[in-house]
Amino acid sequence: MNVDYVARRARIAPALGLTDEIFLVGAGDPLAKPEISDAMLPFIAHQEYYYLTGLADASGGIIAYDPASGWISFVPTVTETEQIWEGRQQLPGEPLAKFPAWLGARAGRRVVMLGAPVAGVRSDAARTAAVRAAYQHARRPKELAEINLMRRCASATTAGYAAIQSLLRPGVSERRLQIELEAEYFRHGAQVTGYDSIIGSGPNAAVFHGAPSARVAQAGEFILIDSGAQLDRYVIDVTRTYIAGEPSAFQRDLYQNVLNAEWRAIDRCRPGAEWRDIHFGAAVDLIDGLITMGLMKGSATSLIEQEAHMLFFPHGIGHMLGLGVRDASGLEPGRTKDPRPCLASLRQDLIVRAGYIVTIEPGLYFIPALLNDPVRRKKYRDCVNWPLADKCLGLGGVRLEDNLLITATAPENLTAAIPKTLIPA
Ligand code: GLY
Ligand code: MN
Ligand code: MN
């Protein structure tokens, strides 16, 4: 990625709200695989470190800032063994061995420590929490280089979804779809997937983070695919739901309901909008649709006040996206987490601004663990058409997810080119 990290650090430093604290961000250390061997898990530099350095492989690295003397990057000294076995080259920066003296020269000053903890250094917990919130907030608007990289991830992802359209038929296994989808990402420049692809047919379409299995789709079953390509640590996070064969009228209505809610939520993604209003707006649209379909009873607002929407829409409307699948989601500075149970999995509570990239991902599901729970059945006995809900158990669910770049006017849908029809393209 073509990023000027010196310029980025110069932009970030004043946004941190530091007075005289020392600011440290650790890359983290490699982890050995659990068995007794010399093999390591793939090293992933902490996101807060990577954003400031672009150094993906600097295990043990530290980027440090002293308001009085500026930024300094300490990197590990490459060993002969690493050169021989891994082909590593020395990274630019100061040797890590110089870090203790640099810190010692600042003894007595408070330390704010983000990223992975640096061994032997004590930080000020309250200041660290406040500075982390400020740092997250400062990196929310995407730079042009980040947006361009996301566009490349989106086109690799588009190629993957296009390649599997003809396979979305009865008899295809979740695993086959994963193999063809991901291979196409890689052919189009992706290095890895942004997260473990989620592919579920039939009842598995209602498992939020379900891994693809050998299960074969039957005629008339939903196939839900939540997957995206990754490049240089930036990811796309897209969900589509298709049908194997012919949909029933009920499945068409369910799909259309989620699609309508998605369109409307996307249109609400304007600068100044409150994320939680976008979430609740989508909940109202989804529940209105379920009332029309005869699955829920009453008014959408009253059902949502009772948290009855959580039976069918138990997750949040989306999150920030970019450097990782949650990127800098979280709270607007100065806010605390809203304690309402129905917002427990809403991954952010903030004001939408131009330059943010967010997902919008409404869904409706028939989840046995929720719908068969006697406590919920009793609590919501008058809210749900239970005989109809019982018939739907096993149907799985529908989710649609796109990635939006917020602009001054309507959002730009970065994933609009990915086929979004119930019947595969
Ligand atoms: N891909 C997982 C999620 O959307 O949260
Ligand atoms: Mn997703
Ligand atoms: Mn998502």
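Throughout what follows, the structure given in this document is the object of discussion. No experiment lies behind these values; they were computed from the predicted model shown.

This part is about the overall build of the chain. Along the backbone of the chain there are 13 helices and 16 strands. Computed over the C-alpha atoms, the radius of gyration of the chain is 24 Å, within 12% of the 22 Å expected from 2.2 N^0.38 for a compact globule of 425 residues. Across the chain, every contact between residues at least 6 apart in sequence was considered, and the portion connecting residues at least 24 apart equals 71%. When the accessible surface of the chain is summed, it comes to about 18,200 Å², and 57% of that surface belongs to carbon and sulfur atoms. In the chain, 44 side chains carry a positive charge and 46 a negative one; their mean positions are 3 Å apart.

Summarising the metal site, the manganese ion (ligand 2) is bound by the protein donors Asp226 (OD), Asp226 (OD), Asp237 (OD) and Glu401 (OE), whose distances to it range over 2.1 to 2.4 Å. Of note is the manganese ion (ligand 2), whose six donor atoms meet at the metal with angles of 56 to 172° in an arrangement that counts as irregular. Counting along the primary sequence, the residues that act as donors to the manganese ion (ligand 2) give the motif D-x10-D-x163-E. In this structure, the manganese ion (ligand 2) is positioned 3.2 Å from the manganese ion (ligand 3), and both are ligated by Asp237. Of the two residues, Asp237 is situated in the loop between β10 (234–235) and β11 (238–244) and Glu401 in the loop between β14 (397–399) and β15 (402–405); the sequence distance between them amounts to 164 residues. The pair formed by Asp237 and Glu401 is uniform in burial state, with each residue classed as buried.

Another point: the pattern of salt bridges. For the coordinates displayed, the defined rule picks out 30 salt bridges. The partner of Asp66 in a salt bridge is Arg109, with the nearest N and O atoms 2.8 Å apart. One end of the pair, Asp66, is in strand β2 (residues 62–66); the other, Arg109, is in the loop between α4 (99–104) and β5 (111–115), and 43 residues separate them in sequence. Here Arg109 falls in the partly exposed class, since its relative accessible area comes to 27%. Linking Glu86 and Arg88 is a salt bridge whose minimum nitrogen-to-oxygen distance equals 2.7 Å. Each member of the salt-bridge network shares a partner with another, and the members are Glu21, Arg110, Asp124 and Arg127.

Within a beta sheet, neighbouring strands are joined by backbone hydrogen bonds and run either parallel or antiparallel to one another. Strands sit in the order β7-β8-β11 across an open sheet of three strands; the sheet is antiparallel. Two strands close off the open sheet at either side, each with one partner strand: β7 (198–201) and β11. Averaged over all pairs of adjacent strands, the angle between their axes in this sheet comes to 10°, without regard to strand direction. The pairing of strand β8 (residues 221–227) with β11 spans seven bridges and is classified as antiparallel. Along β11, the bridge assignment pairs Ile223 with Tyr242. Along the sheet face, helix α6 (residues 144–164) touches β8 and β11 and points at about 160° away from the line of β8.

Reading the values: rules and limits
Residues numbered from 1 in each chain as written. Chains lettered and ligands numbered in written order. Predicted model: local features only at pLDDT ≥ 70, side-chain atom pairs only at ≥ 80, totals over all residues. Heavy atoms only, no water. Helix = DSSP H or I, 4+ residues; strand = E, 2+ residues; numbered from the N terminus. Rg over C-alpha atoms; globule rule 2.2 N^0.38 Å. Contact = heavy atoms within 4.5 Å. Areas by Shrake-Rupley, 256 points an atom, 1.4 Å probe, with all protein chains shown as cover. Lys, Arg positive; Asp, Glu negative; His and termini not counted. Charge placed at Lys NZ, Arg CZ, Asp CG, Glu CD. Donors = N, O, S within 2.8 Å, 3.2 Å for Na, K, Ca; no water. Tetrahedral: all angles 85-135°; square planar, octahedral: opposite > 155°, others 65-115°. Buried < 20%, exposed > 50% of the residue type's maximum accessible area, 1.4 Å probe, protein only. Salt bridge = Lys/Arg side-chain N within 4 Å of Asp/Glu carboxyl O. Pairing = 2+ DSSP bridges. Axes fitted to C-alpha atoms, helices over the stretch in contact; angles between N-to-C directions.

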